[in-house]
Amino acid sequence: MTKLVYILNGPNLNLLGKRQPDIYGNETLSSVEKQCRRLIVGTEFRLKFKQSNAEYQLIDWIHEARQEAHAIIINAAGYTHTSIAILDALNTFDGTVIEVHISDIKVREKFRHHSYISLRADEEVIGKGTNGYLIALQSIIKKSI
Ligand code: CA2
């Protein structure tokens, strides 16, 4: 049986690698997806890698994940700091949840310091650049060995 991991990305992350490289680096989201897919080759894992600018869409994917996923890796981007609705959805998911942030939200503007997602996340990978997605995925793979 394969294990499915949802990797969910919130608003504006479609612009990754195209703007603000000083904060978010040069990798595009599609290159991050490729690296994640490379990491799972030869493992029992499968990925659904998704991005949306819409809160309801992220919530719908979390609901979908409830039916079929082993784990969720989520960078909720700006919704991290505002969305009780995404937190509520994650609280209905029984598997592992890992929160990822490319930048170190704890040393940026004060309004980024609080994360609703962290109230549910089993792990947080913060400030490791886009490598954070791979660290999160590696952690899920390790746990299942
Ligand atoms: O550091 C992160 O991963 C963030 O989740 C990124 C969010 C920000 O609101 C969070 O506080 C921290 C912003 C995503 C915007 O992504 C862009 C990437 C490149 C260019 C412009 C926006």
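The structure we're discussing is the one just above.
This is a predicted model, so every value here is computed, not measured.

Cut-offs applied
- Residues numbered from 1 in each chain as written.
- Predicted model: local features only at pLDDT ≥ 70, side-chain atom pairs only at ≥ 80, totals over all residues.
- Heavy atoms only, no water.
- Helix = DSSP H or I, 4+ residues; strand = E, 2+ residues; numbered from the N terminus.
- Rg over C-alpha atoms; globule rule 2.2 N^0.38 Å.
- Buried < 20%, exposed > 50% of the residue type's maximum accessible area, 1.4 Å probe, protein only.
- Contact = heavy atoms within 4.5 Å.
- Areas by Shrake-Rupley, 256 points an atom, 1.4 Å probe, with all protein chains shown as cover.
- Lys, Arg positive; Asp, Glu negative; His and termini not counted.
- Charge placed at Lys NZ, Arg CZ, Asp CG, Glu CD.
- Arc of directions from axis to C-beta.
- Polar contact = N/O pair within 3.5 Å; in protein donor to acceptor, adjacent residues only side chain to side chain.
- Axes fitted to C-alpha atoms, helices over the stretch in contact; angles between N-to-C directions.
- Parallel < 35°, antiparallel > 145°, perpendicular 65-115°, else oblique.
- Left-handed = near helix turned anticlockwise from the far one by under 90°.
- Nonpolar A, V, L, I, M, F, W, Y, C, P; charged D, E, K, R; others polar.

Caption draft 1: How the structure looks around the overall build of the protein. Check the secondary structure of the protein and you find 5 helices and 5 strands. Listed N to C, the secondary structure of the protein is β-α-α-β-α-β-α-β-β-α in terms of helices and strands. For 145 residues, the compact-globule formula gives about 15 Å, and the C-alpha radius of gyration of the protein, at 14 Å, lands near that figure. Seen through its C-alpha atoms, the protein measures out along the principal axes to roughly 45 × 30 × 25 Å. Per-residue burial over the protein gives 45% buried out of 145 residues. Within the protein, counting contacts between residues at least 6 apart in sequence, those at least 24 apart form 75% of the total. For the protein, the computed accessible surface area is about 7400 Å², with 49% contributed by carbon and sulfur atoms. Computing the positive centroid from 18 side-chain charges and the negative centroid from 16, the protein places the two 5 Å apart.

Caption draft 2: Just helix α2 (residues 29-39), in detail. What α2 keeps buried is the set Leu29, Val32 and Cys36. Looking down the long axis of α2, one finds its buried residues gathered within 55 degrees of arc, a one-sided arrangement. Those residues of α2 that are exposed and aimed more than 90 degrees away from the buried face are Lys34 and Arg38. Tucked inside the fold, the buried residues of α2 contact β1 (3-9), β2 (45-51) and α5 (131-143).

Caption draft 3: How the structure looks around the side chain of histidine 101. Within the element layout of this structure, histidine 101 appears in strand β4 (residues 96-101). Within the structure, the side chain of histidine 101 is placed 3.5 Å from the side chain of asparagine 75, a separation counted as a polar contact.

Caption draft 4: A look at unusual backbone geometry. Of note, the phi angle at glutamine 20 is positive, near 45 degrees, even though the residue is not glycine. Here alanine 77, not a glycine, exhibits a phi torsion of approximately 50 degrees, which is positive. Here alanine 77 is to be found in the loop between β3 (71-75) and α4 (84-90). Residue class for alanine 77 comes out buried when judged on its relative accessible area of 16%.

Caption draft 5: The arrangement of the packing of α2 against α5 in detail. Viewed as axis vectors pointing N to C, α2 and α5 meet at an angle of 25 degrees, and their least axial separation amounts to 10 Å. Taken together, the axis directions place α2 and α5 in an arrangement best described as roughly parallel. Here the hand of the crossing between α2 and α5 comes out right-handed. Two secondary-structure elements touch here, α2 through Leu29, Val32, Gln35, Cys36 and Leu39 and α5 through Tyr133, Leu134, Leu137, Gln138 and Ile141. Its residues placed into classes, the contact of α2 with α5 shows 8 nonpolar, 2 polar and no charged.

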